[in-house]
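# Structure at a glance
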Amino acid sequence: MTTNQHPPEKMMFQLTLRRRGISDQAVLRTMEEVPRDLFVEAADREDAYRDSALPIACGQTISQPFVVAYMTEQLQLQKKHRVLEIGTGSGYQAAVLSRLAGNVLTVERYRKLADAARARLEKLAYHNVEVMLGDGLDLPANIGPFDRIIVTAAMEVIPDNLIARLEVGGVLIAPVGPHQGVQTLIRLTRTETGIERRELVDVRFVPALPGVAREL
Ligand code: SAH
């Protein structure tokens, strides 16, 4: 059993995350626990613990593990936090968040991806995650507020109606920049008096697009 839990590729996975600068022990432990091989396409299982993004259905991608760990670390999650994710994709980032936060609402514009992620998260017993089909750029007014917001698709600008859903003391992280090419991860913190903005690292995400997708 012990050898199954610590196959060589999982040890390399941890080493890579540490070497790239992830130091939060709770984040590292969670990255070790969440089975990324069950979130990628069956044909890619062998590559699940390499530090690279992989294709999923609907022309989307499951993010690179380092980026998932880095964004999670930057959110400084606590068990009491209510978290919003925009861009469910495979559900992997939502699973990681759910182990460190109180509960997670994740929004996806493709029905096929939302349904698959919901089924997968239920099967793996991530019971504090809710998957919603919808447009994260245009959420209904009654959703929120949140302690943490994470956007996992590239935005040209962060919509005001998203920032408005942050609690005081809340943190939002989003890749901001042109849809094609490189974006910068931006971290916004709502203080008593306004919004603090910090630029983190360069990243590449698939674009955030408006509306629920027409494709099934
Ligand atoms: N976090 C995911 C990877 C995200 S890929 C994971 O862990 O696997 C980005 C996802 O954002 C895609 O699935 C894409 O369909 C979705 N997306 C893009 N624009 C969106 C929008 N406006 N609202 C909701 N989801 C969106």
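Heads up: the structure comes first, above all this text.
A quick note: this is a predicted structure, and the numbers were derived from the prediction, not measured. (Residues numbered from 1 in each chain as written. Predicted model: local features only at pLDDT ≥ 70, side-chain atom pairs only at ≥ 80, totals over all residues. Heavy atoms only, no water.)

## Some details on the packing of helix α2 (residues 8–19) against helix α3 (residues 25–33)
How two helices sit against one another is set out by the angle between their axes and by the gap between those axes. Under the convention used in this document: Axes here refer to lines fitted to C-alpha atoms; in helices the fit is confined to the stretch in contact. Angles between the N-to-C directions go from 0 to 180 degrees. Helix numbers and strand numbers start at the N terminus; a helix is a DSSP run of H or I with at least 4 residues, a strand a run of E with at least 2. By the definition adopted for this analysis, an angle is roughly parallel if under 35 degrees, roughly antiparallel if over 145, roughly perpendicular if from 65 to 115, and oblique otherwise. Here is the rule for handedness: rotate from the far helix to the near one, and if that takes an anticlockwise turn smaller than a right angle the crossing is left-handed, while a clockwise turn gives right-handed. Contacts are assigned to residue pairs that have any heavy atoms within 4.5 Å of one another. Throughout this entry, Asp, Glu, Lys and Arg are counted as charged residues, while Ala, Val, Leu, Ile, Met, Phe, Trp, Tyr, Cys and Pro are counted as nonpolar. The remaining residues, Gly among them, count as polar.
One way to put it is that α2 packs onto α3 with a least axis distance of 10 Å and a crossing angle of 150°. Taken as axis vectors, α2 and α3 run roughly antiparallel relative to one another. In the packing of α2 onto α3, the handedness of the crossing is right-handed. Two secondary-structure elements touch here, α2 through Lys10, Phe13, Gln14, Leu17 and Arg18 and α3 through Gln25, Leu28, Met31 and Glu32. In the contact of α2 with α3, the residues fall into four nonpolar, two polar and three charged.

## As for the nonpolar core
For the record, the criterion: We call a set of buried Ala, Val, Leu, Ile, Met, Phe, Trp, Tyr and Cys residues a nonpolar core when their side-chain atoms join them within 4.5 Å. Remark: exposure states derive from per-residue accessible area (1.4 Å probe, protein chains only) relative to the maximum for the residue type, with buried under 20%, exposed over 50%, and partly exposed in between.
If you look at the biggest cluster of nonpolar residues, it comprises 47 residues, and the most contacted ones within it are Leu17, Ile22, Met31, Phe39 and Tyr92. The set of elements that each furnish at least two residues to this core consists of α2, α3, α4 (65–75), α5 (92–100), α6 (111–123), β5 (129–133), β7 (166–176) and β9 (195–203). In terms of residue count, α4 provides more of this core than any other element does, seven residues in total. Among all residues touching Leu17, those that are not within four sequence positions of it are Ile22, Leu28, Met31, Pro65, Phe66 and Ala69. By size, the runner-up hydrophobic cluster in this structure holds 22 residues, among which are Leu105, Ile149, Ile186 and Leu188.

## Comments concerning α5
Among the nine residues that make up α5, eight are buried, leaving the element largely enclosed by the rest of the structure. Listing the buried residues of α5 in full gives Tyr92, Gln93, Ala94, Ala95, Val96, Leu97, Ser98 and Leu100.

## So, the pairing of strand β3 (residues 82–86)
This is how it is decided: When DSSP finds at least two bridges between two strands, those strands are taken to pair. If the strands point away from the viewer and the path from the first strand over the helix to the second runs clockwise, then the crossover is right-handed.
For β3, the buried fraction is high: four of the five residues fall into the buried class. Across five bridges, the pairing between β3 and strand β4 (residues 103–108) is parallel. Each bridged residue has a counterpart across the sheet, and for Glu85 the counterpart in β4 is Thr106. With respect to chirality, the unit in which β3 leads through α5 into the neighbouring parallel β4 is right-handed. The sheet contact formed by β3 and strand β6 (residues 146–151) spans four bridges and is parallel. In the sheet register, Leu84 faces β6, and the bridge partner there is Ile149.

## Points about the pattern of salt bridges
As a reminder of what qualifies: Salt bridge, as used here, is a side-chain nitrogen of Lys or Arg placed within 4 Å of a carboxyl oxygen of Asp or Glu.
Taken as a whole, this structure holds four salt bridges when the rule is applied. Here Arg20 ties to Asp51 by a salt bridge, and the two come within 3.3 Å at their closest N and O atoms. Placement of the pair is Arg20 in the loop between α2 and α3 and Asp51 in the loop between α3 and β1 (54–55), with a sequence separation of 31 residues. What makes Arg20 partly exposed here is its relative accessible area of 44%. Given a relative accessible area of 25%, Asp51 falls into the partly exposed group. Among the salt bridges present, the one from Arg118 reaches Asp115, with a minimum N-O distance of 3.0 Å. Here Asp115 and Arg118 lie together in helix α6, a separation of three residues that amounts to about one turn. Looking at Asp115, the relative accessible area reads 35%, which means it is partly exposed.

## Re the pairing of β4
Remark: a regular strand shows side chains that alternate across the two faces of the sheet. Across the six residues of β4, five count as buried, placing the element largely inside the fold. As paired elements, β4 and β5 share five bridges and run parallel to each other. Each bridged residue has a counterpart across the sheet, and for Val107 the counterpart in β5 is Met132. In this fold, the crossover linking β4 to β5 by way of α6 has right-handed handedness.

## Some remarks on α2
The α-helix winds at 3.6 residues per turn, so residues separated by three or four positions along the chain end up facing the same way. Put simply, the test is: Take the number of residues in a helix, subtract one, and multiply by 1.5 Å to get its expected span. Of all possible arcs, the one meant is that of the directions from the helix axis to the C-beta atoms.
Helix length check: α2, at twelve residues, gives a terminal C-alpha distance of 16 Å against a target of 16 Å (1.5 Å per residue), a fit within 8%. When α2 is considered as a whole, its buried residues turn out to be Lys10, Phe13, Gln14, Thr16 and Leu17. Buried residues of α2, seen end-on, are gathered within an arc of 160° and therefore sit on one face of the element. Seen from the buried face of α2, the exposed residues on the opposite side, beyond 90 degrees, are Pro8, Met11 and Arg19.

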